Amino acid sequence: MQTPKEHLLRNFSEALEHSFHPLSQEAGSVPLEITKSTQDKFGHYQFNSAMRLAKPLGQPPRAIAEKIIENLSKDGMIEKLEIAGPGFVNITLLPSYLSSLVNAIARDERAGIESPATPQRIVIDFSSPNIAKELHVGHLRSTIIGDCLARLFEFKGHDVVRLNHIGDWGTQFGMLIAFMKQDVPEAFQNPEGYALEDLMGWYKQAKAKFDSDENFKTNSQKEVGRLQGGDSSSLKAWEAICSISRQSYLEIYRLLDIEIKDRGESFYNPFLKDVVDELQKKGLVQESDGALCIFMKGFTNREGEPLPLIIRKTDGGYNYATTDLAAIRQRIRDEKADRIIYVTDAGQASHFKMIFQAAEEAGWLDPQKTRVDHVPFGLVLGPDGKKFKTRSGETERLIDLITTAIEKAYSIVSERQSEMAEEEKRHLAEKLGTSSIKYADLSCHRTGDYTFSYDRMLKFEGNTASYLLYSFVRIQGIKKKVGKETEEILNESQAVLSHPSEIALGLHLAQFGETLDQMANDLLPNQLTEYLYQLAEKFNAFFRDCRVEGSEEEGSRLTLIVATERVLKAGLHILGIGTVERM
Ligand code: ARG
């Protein structure tokens with residue numbers, strides 16, 4: 001289904017061609033702009049480009065607007081056009097047009113969203129915890145936002161590759177392996193018997209030993225060499241460490257319903273040398289204090305001195321940047337990505353800027369062909385406005401945070417639904433708890449810091465997951481009360497909108513696709529939460545103002561309700577929130 005905006009853009013551009021034929025190149029290159037109206041009294045949309053066309057066309061904007069309107073095909077979609085101010089065109093759509101869109105949405109599993117003619121291959125690099133370390137709230141944000149973007153592009157019909165760029169390689173493993181070989185060799189036999197906590201304990205002890213015991217230090221360094229050289233006992237040890245860590249992040253993914261493919265830093269290890277060789281051959285690399293560096297225009301430190309991207313350390317080892325260069329080359333060259341999206345905290349912004357520029361200078365990345373985005377996000381703050389911590393002052397463990405939200409949801413559920421079966425209560429609490437965490441995160445502007453509050457996120461009123469889920473449950477209730485299933489409603493009736501609250505809801509439903517397009521461009525999930533919150537508000541207004549059951553318009557209004565249900569469900573799905581039947 002074409003969105004109203006696409007439809008209007010096409011008609012306005014045809015009218016422009018027609019009115020000023022032949023259109024000069026300068027006039028033809030002015031991008032036409034149609035936006036949603038800022039106020040209801042101005043209609044539904046407005047055309048803003050007459051002002052920018054004035055110069056290339058050599059006419060006053062209002063005259064241009066008039067001429068365009070004369071030649072505009074109303075196409076069964078437009079009720080009223082009005083020129084306002086310096087030359088805006090206010091557009092009011094026909095109720096019959098909006099009705100037809102609502103009918104299309106109600107009858108489409110994909111809520112009116114068309115698949116693209118040529119799907120893009122979109123790599124999304126998110127979550128990406130580090131082995132032998134606890135996932136922290138920053139990883140939680142990356143996991144939630146990355147999953148939401150992946151769901152968006154999948155829903156739109158693209159080919160999405162979800163990648164977990166785990167920190168599973170590096171010199172720190174030498175120490176841990178050396179320690180485990182000495183003190184807990186049995187762990188290599190059955191990694192399933194150990195947990196991340198054990199690894200972290202060993203890591204601490206290994207670190208202490210490394211700093212105090214020269215022998216152990218040399219041994220650890222040798223271990224790094226052995227691992228990199230592919231020694232089988234060292235590799236086996238490394239695999240055991242990764243698998244112990246994996247159990248803990250997989251548990252979190254299970255709770256949050258996250259799908260992602262592990263492709264950690266170690267995957268790129270075999271290509272690092274070649275990447276550095278290629279960059280050297282291309283003349284991009286300079287030596288500085290024994291390290292290999294890339295200096296690029298526009299990157300300086302606080303003192304204004306050139307800031308290098310180090311790609312090989314003084315000791316000959318490769319680093320985070322080398323791995324990301326190998327990864328971007330692989331994703332473009334082998335993975336054939338049309339778009340690559342990296343979701344990490346804002347602190348890594350300059351790292352990615354440098355990686356993107358280096359990839360461009362190396363000739364791997366052509367921004368005309370491949371769009372790359374670093375999608376940064378702000379900090380998670382506690383109620384005191386400081387970085388989120390537990391009461392004991394330690395950084396909160398992610399799993400504890402999730403289980404606490406689920407427990408709190410459980411007490412709310414038990415209070416509201418005392419007669420509900422225990423199993424259903426548990427199930428519902430798990431859904432509500434995790435959905436609330438996701439929604440609270442996604443509904444804040446991504447780049448800002450976000451304040452974590454169990455009480456606020458679990459509320460049933462306001463812009464929360466529960467409020468939206470409750471609206472969905474209400475729709476089920478209405479259908480049940482009338483005693484009709486979706487199929488029956490759609491077989492019997494068509495939506496014919498006339499009441500202002502019906503029109504307002506219908507227009508909003510018609511704008512679902514535009515919201516997704518906007519989000520695909522800006523990569524801001526709060527655009528969708530804001531849209532869905534307004535959808536619930538408009539639905540409630542409609543239901544308050546318009547009687548459904550037993551009214552003359554029952555069939556039409558039920559169709560409108562089905563369309564609302566589809567869009568709400570699809571929107572929640574993109575946020576990673578599954579609907580519930582009761583709550
Ligand atoms: N492991 C990193 C961290 O915890 C995030 C990796 C992000 N992805 C990447 N391609 N660098 O900060």
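Keep in mind that what you see is a predicted model, and the values were worked out from it rather than measured.

Residue Pro 22 is reached from His 21 by a cis peptide bond, and omega for that bond is -10°. Mapped onto the secondary structure, Pro 22 falls in the loop between α1 (4-19) and α2 (25-28). Phi is positive for Asp 75, close to 55°, though the residue is something other than glycine. Here Asp 75 lies in the loop between α4 (61-71) and β3 (78-84). Its identity as a non-glycine residue notwithstanding, Asp 289 has a phi of 50°, on the positive side. Looking at where Asp 289 falls in the secondary structure, it is placed in the loop between β8 (285-288) and β9 (291-300).

Below, the discussion takes up the environment of Gly 363. If you trace the backbone, Gly 363 turns up in the loop between α13 (349-361) and β12 (371-377). In this structure Gly 363 comes out as exposed when scored by relative accessible area, which is 58%. Residues Gly 363 and Asp 211, 152 residues apart in the sequence, show an inter-C-alpha distance of 43 Å.

Within the UniProt annotation, "domain: Arginyl tRNA synthetase N-terminal" (unreviewed entry) is assigned to residues 10-93. Annotated as residues 10-93, this span is 39% helix and 23% strand, and its ends, taken at the C-alpha atoms, are 15 Å apart.

With that out of the way, let us pick up the pairing of strand β5 (residues 121-125). With four of five residues buried, β5 is to be regarded as a mostly interior element. Running through helix α6 (residues 137-156), the crossover from β5 to the neighbouring parallel element strand β6 (residues 159-164) is right-handed.

Time to look at the sheet that holds strand β10 (residues 306-312). Taken in spatial order, the three strands make up an open sheet running β8-β9-β10, and their pairing is antiparallel. Edge positions in the open sheet fall to β8 and β10, since each of these has one partner strand only. When strand polarity is set aside, the average angle formed by the axes of neighbouring strands in this sheet is 50°. Across four bridges, the pairing between β8 and β9 is antiparallel. Residue pairing across strands places Val 285 opposite Ile 294, the latter belonging to β9. Seen against the sheet, helix α11 (residues 272-281) touches β8, β9 and β10 and runs at an angle of roughly 60° to β9.

It is worth spelling out the site of the ligand at this point. Near the ligand the following residues occur: Asp 125, Ser 128, Asn 130, His 139, His 165, Tyr 320, Asp 324, Tyr 342, Thr 344, Gln 348 and Phe 352. Between the ligand and the protein, one listed contact pairs an oxygen atom with a side-chain N or O atom of His 139 at 2.9 Å. With respect to the ligand, the side chain of Gln 348 contributes an N or O atom lying 3.0 Å from an oxygen atom. Relative to its free-state accessible area of 350 Å², the ligand is covered by the protein chains to the extent of 89%. Put simply, the parts of the chain that give the shell around the ligand at least two residues each are α12 (320-333) and β11 (339-345). Looking at the shell around the ligand, its residues break down into three nonpolar, six polar and two charged.

The strand order β1-β2-β4-β3 describes an open sheet built from four strands, whose pairing is antiparallel. Across the chains shown, the open sheet's two edge strands, defined by having one partner strand only, are β1 (34-36) and β3. Looking at each pair of strands side by side, their axes are set apart by 25° on average, direction ignored. Bridge count between strand β2 (residues 45-47) and strand β4 (residues 88-93): three bridges; the pairing is antiparallel.

Looking now at helix α5 (residues 95-106). Counted at 1.5 Å a residue, the expected span for α5 with its twelve residues is 16 Å, and the 16 Å between its end C-alpha atoms agrees. Next to the buried residues of α5 lie α1, β4, α18 (486-492), α19 (500-510) and α22 (554-575).

Let us now look at the pattern of salt bridges. Overall, the coordinates contain 36 salt bridges when judged by the stated rule. Residue Arg 121 pairs with Asp 159 through a salt bridge whose shortest N-O separation is 2.6 Å. Linking Arg 121 in strand β5 with Asp 159 in strand β6, this pair joins segments that are 38 residues apart in sequence. The class for Asp 159 is partly exposed, based on a relative accessible area of 35%. Note that Glu 554 is salt-bridged to Lys 484, the shortest N-O span being 3.6 Å. In this pair, Glu 554 sits in helix α22 while Lys 484 sits in the loop between α17 (465-482) and α18, placing the two residues 70 residues apart along the sequence.

Of the volumes computed, that of the largest pocket is approximately 1,100 Å³. If you trace the largest pocket, you find 46 residues lining it, with Asn 130, Lys 133, Gly 167, Glu 265 and Tyr 320 closest to the centre. When contributions to the lining of the largest pocket are tallied by element, the ones reaching two or more residues are α6, α9 (214-228), α12 and β11. Along the lines of polarity and charge, the residues of the lining of the largest pocket split into 14 nonpolar, 22 polar and ten charged.

On to the side chain of Asn 11. With respect to the secondary-structure elements, Asn 11 resides in helix α1. Assessed through its relative accessible area of 2%, Asn 11 is described here as buried. A polar contact is formed between the side chain of Asn 11 and the side chain of Asp 75, at a distance of 3.4 Å. Those residues in contact with Asn 11 that sit more than four places away from it in its chain are Leu 72, Ser 73, Asp 75 and Met 77.

Following the sequence through the fold, Thr 3 ends up in the segment before α1. For Thr 3, a relative accessible area of 6% gives the class buried. With 509 residues separating them in the primary sequence, Thr 3 and Phe 512 have C-alpha atoms 8.4 Å apart. Excluding its chain neighbours within four sequence positions, the residues that come into contact with Thr 3 are Tyr 97, Gly 513 and Glu 514.

Per the UniProt record, "domain: DALR anticodon binding" (unreviewed entry) is annotated on residues 468-583. The straight-line gap between the two end C-alpha atoms of residues 468-583 is 11 Å; of that span, 74% is helix and 0% is strand.

A word on the packing of aromatic side chains. Considering all chains together, one arrives at 16 aromatic pairs under this definition. Ring geometry for Tyr 342 against Phe 352: centres 4.7 Å apart, planes inclined by 40°, an arrangement best described as tilted. Here the residue Tyr 342 occupies a position in strand β11, and Phe 352 occupies one in helix α13, the gap between them amounting to ten residues. Assigned by exposure class, Tyr 342 and Phe 352 land together as buried.

Residues Ile 91, Ile 124, Met 180, Trp 202 and Phe 512 are the most contacted members of the largest nonpolar core, which totals 157 residues. Among all residues touching Trp 202, those that are not within four sequence positions of it are Leu 176, Phe 179, Met 180, Val 184, Ala 187, Tyr 194 and Ile 244. Judged by nonpolar contacts, the second largest core, of 35 residues, contains Leu 272, Ala 327, Ala 337 and Phe 352.

The rules behind each value
- Starting from 1, residues in each chain are numbered consecutively following that chain's sequence as written.
- Local features in a predicted model are, by the rule used here, given only for residues with pLDDT of at least 70; side-chain atom pairs are given and counted only at 80 or more, and totals for whole chains, interfaces and linings are based on all residues.
- No hydrogens and no water enter the side-chain calculation; it runs on all heavy atoms of the structure.
- By definition, any uninterrupted DSSP run of H or I lasting at least four residues is a helix, any uninterrupted run of E lasting at least two residues is a strand, and each is numbered from the N terminus.
- Buried, partly exposed and exposed residues are distinguished by accessible area as a fraction of the type maximum, computed with a 1.4 Å probe on protein chains only: under 20%, between the cut-offs, and over 50%, respectively.
- UniProt positions are given in the numbering used here, feature names are shortened, and annotations may be inferred rather than shown by experiment.
- Seen with the strands pointing away from the viewer, any crossover whose path from the first strand over the helix to the second strand runs clockwise is right-handed.
- Pairing between two strands is assigned when DSSP locates at least 2 bridges connecting them.
- Orientation is described by lines fitted to C-alpha atoms, with helices fitted over the stretch in contact, and by angles between N-to-C directions that extend from 0 to 180 degrees.
- Contacts were defined at the residue level, with two residues in contact if any of their heavy atoms lie within 4.5 Å.
- Whether a residue is near a molecule or strand depends on its heavy atoms: if one lies within 4 Å, it is near.
- N or O atoms within 3.5 Å of each other form a polar contact, as long as, within protein, one can give a hydrogen and the other can take it, and as long as residues adjacent in sequence are counted only when both atoms are side-chain atoms.
- Accessible areas in this description were obtained via Shrake-Rupley with a 1.4 Å probe; residue shielding takes into account the shown protein chains only.
- Each residue receives one of three labels: charged for Asp, Glu, Lys and Arg, nonpolar for Ala, Val, Leu, Ile, Met, Phe, Trp, Tyr, Cys and Pro, and polar for the others, Gly being one of them.
- Expected span of a helix: the number of residues minus one, times 1.5 Å.
- We count a salt bridge whenever a side-chain nitrogen from Lys or Arg sits within 4 Å of a carboxyl oxygen from Asp or Glu.
- Site definitions follow a grid-based scheme: protein atoms alone, a 1 Å grid, a 1.4 Å probe that fits but cannot get out for cavities, and for pockets an open set with protein on both sides within 12 Å along at least five of seven lines, plus lining residues having an atom within 4 Å of a point.
- Grid points are joined across faces, edges and corners, and a volume is the space filled by probe spheres set on the points.
- A pair of aromatic rings is counted whenever rings of Phe, Tyr or Trp (Trp by its six-membered ring) have centres within 6.5 Å, and the orientation is called stacked for planes under 30 degrees apart, edge-to-face for over 60 and tilted otherwise.
- To form a nonpolar core, buried Ala, Val, Leu, Ile, Met, Phe, Trp, Tyr and Cys residues must be joined to one another through side-chain atoms within 4.5 Å.

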